[in-house]
Amino acid sequence: MNCLIVSGGTVDKELLLKTWKEMDHPYVIGVDRGCIYLLENNISVNKAVGDFDSVNAQEKIIIDRFLDVVKLECEKDDTDTEHAIKMAIDMKVSKIVLLGCTGTRLDQTMSSIGLLKMAKDAGIDAFILDTHNRIHVERGVCILTAADRFGDYISILPYGNKISGLSIRGFKYEARDLEIELTSSRGVSNELTHDVGMITCDDYFVVMETKD
């Protein structure tokens, strides 16, 4: 089973509907204001999660009346999105796609990118998606194909302070046994030039597939 998580950041209507249809009846978790985005687009919500501090009183009434709600405290040690990801992992879903995790709140965006490692450690493919970016955390072997190309540019960034032993094949800029520090922009804006590209590294790394 796939899981679609929609949080309260920026959500493009067309992308939301397209993603939901392509995931073929996923389990849907609405996070805080993400519940409203889902209801506005007539997408059934399996679970509503959050402290709901980003919805108004009338929207809160609608959420409480029509959805299965997991109410979280405003003061807590994790974000609403982290709680939703943990729920999906406990359900042992096969794939997680997160929308509404990017926007004006860069702190929330960076936190959500960090959470992708939690899913990867559980053996679940997880992606943050918006109109310009597809982001995932990888370790070991990552295969990208021209047939599934998201954007023209692919950046490989350290998840921690640095990545070592990085190999890149099938791209405009190839490398073998490369080390990239967090303070370096060496891995930014590569391009897939073959039908299949392969990235290998024993360290965790962030892959950002982007388009303008």
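Everything numeric here is computed off the predicted structure, so don't read it as measured data.

With that settled, the discussion passes to the pattern of salt bridges. If you walk through the whole model with that rule in mind, you get 13 salt bridges. Salt-bridge contacts for Lys47 lead to Asp68; the nearest nitrogen and oxygen are separated by 2.8 Å. Highlighted residues: Lys47 in strand 3 (residues 47–50) and Asp68 in the loop between helix 3 (57–66) and strand 4 (69–71), separated in sequence by 21 residues. Assessed through its relative accessible area of 41%, Asp68 is described here as partly exposed. The residue Lys120 makes a salt bridge to Glu138 at a minimum N-O spacing of 3.0 Å. Note that Lys120 is positioned in helix 5 (residues 106–121) and Glu138 in strand 7 (residues 133–145), a separation of 18 residues in sequence. Taken together, the shared-partner salt bridges connect Lys120, Asp125 and Glu138 into one network.

Quick look at the nonpolar core now. Soluble globular proteins tend to pack their nonpolar side chains together in the buried interior. If you look at the biggest cluster of nonpolar residues, it comprises 28 residues, and the most contacted ones within it are Cys3, Ile5, Ile29, Ile96 and Leu98. Residue contacts for Cys3: discarding those within four places in its chain leaves Met23, Pro26, Tyr27, Ile29, Ala88, Val93, Lys95, Ile96 and Val97. Within the second largest apolar cluster, 21 residues are counted, among which are Leu15, Met23, Ile43 and Phe150.

What follows covers helix 1 (residues 13–22). All of the buried residues along helix 1 are Leu15, Leu16 and Thr19. Projected down its long axis, helix 1 shows its buried positions confined to an angular sector of 100 degrees, all on one face. Turned more than 90 degrees away from the buried face of helix 1 sit Lys13, Glu14 and Lys21, all of them exposed. Lining the buried residues of helix 1 we find strand 1 (2–6), helix 2 (34–40), strand 5 (95–99) and strand 6 (125–129). Where helix 1 begins, the side chain of Asp12 points an oxygen toward the backbone nitrogen of Glu14, at a separation of 3.2 Å. Of the residues trailing helix 1, Asp24 is marked for its positive phi of about 60 degrees.

On to empty space enclosed by the protein, then. Taken as a whole and judged by the stated rule, the model has 1 cavity of 30 Å³ or more. There is about 40 Å³ of room inside the largest cavity. Lining the largest cavity are Leu116, Lys120, Ile124, Asp125, Ala126, Phe127, His136, Val137 and Glu138. Broken down by secondary-structure element, the contributors of at least two residues to the lining of the largest cavity are helix 5, strand 6 and strand 7.

To continue, consider the layout of surface pockets. Roughly 690 Å³ of volume is contained in the largest pocket. In terms of lining residues, the largest pocket is bounded by 29 residues, among which Lys95, Phe127, Arg134, Asp148 and Phe150 are the most central. Only helix 1, strand 5, strand 6 and strand 7 provide two or more residues apiece to the lining of the largest pocket. At 8 residues, strand 7 tops the list of elements feeding residues into the lining of the largest pocket. Residues of the lining of the largest pocket, tallied by class, amount to 12 nonpolar, 5 polar and 12 charged. Taken as a whole, the second largest pocket encloses approximately 470 Å³ of empty space. For the second largest pocket, the lining is made up of 23 residues, of which Gly8, Gly9, Ser54, Arg105 and Gln108 are closest to its centre.

This next bit is on the packing of aromatic side chains. Here the structure, examined in full by the defined rule, presents 1 aromatic pair. Between the aromatic rings of Tyr159 and Tyr204, the centroid separation amounts to 6.2 Å while the plane-to-plane angle is 55 degrees, which identifies the pairing as tilted. Placement of the pair is Tyr159 in the loop between strand 8 (153–158) and strand 9 (162–169) and Tyr204 in strand 11 (residues 196–210), with a sequence separation of 45 residues. Taking the relative accessible area as the measure of exposure, Tyr204 reaches 18% and is therefore buried.

Reading the values: rules and limits
Residues numbered from 1 in each chain as written. Predicted model: local features only at pLDDT ≥ 70, side-chain atom pairs only at ≥ 80, totals over all residues. Heavy atoms only, no water. Salt bridge = Lys/Arg side-chain N within 4 Å of Asp/Glu carboxyl O. Helix = DSSP H or I, 4+ residues; strand = E, 2+ residues; numbered from the N terminus. Buried < 20%, exposed > 50% of the residue type's maximum accessible area, 1.4 Å probe, protein only. Core = buried A, V, L, I, M, F, W, Y, C linked by side-chain atoms within 4.5 Å. Contact = heavy atoms within 4.5 Å. Arc of directions from axis to C-beta. Polar contact = N/O pair within 3.5 Å; in protein donor to acceptor, adjacent residues only side chain to side chain. 1 Å grid on protein atoms, 1.4 Å probe; cavity = no way out; pocket = protein on both sides within 12 Å on 5 of 7 lines; lining within 4 Å. Points joined across faces, edges and corners; volume = space filled by probe spheres on them. Nonpolar A, V, L, I, M, F, W, Y, C, P; charged D, E, K, R; others polar. Phe/Tyr/Trp six-rings, centres within 6.5 Å; stacked < 30°, edge-to-face > 60°.

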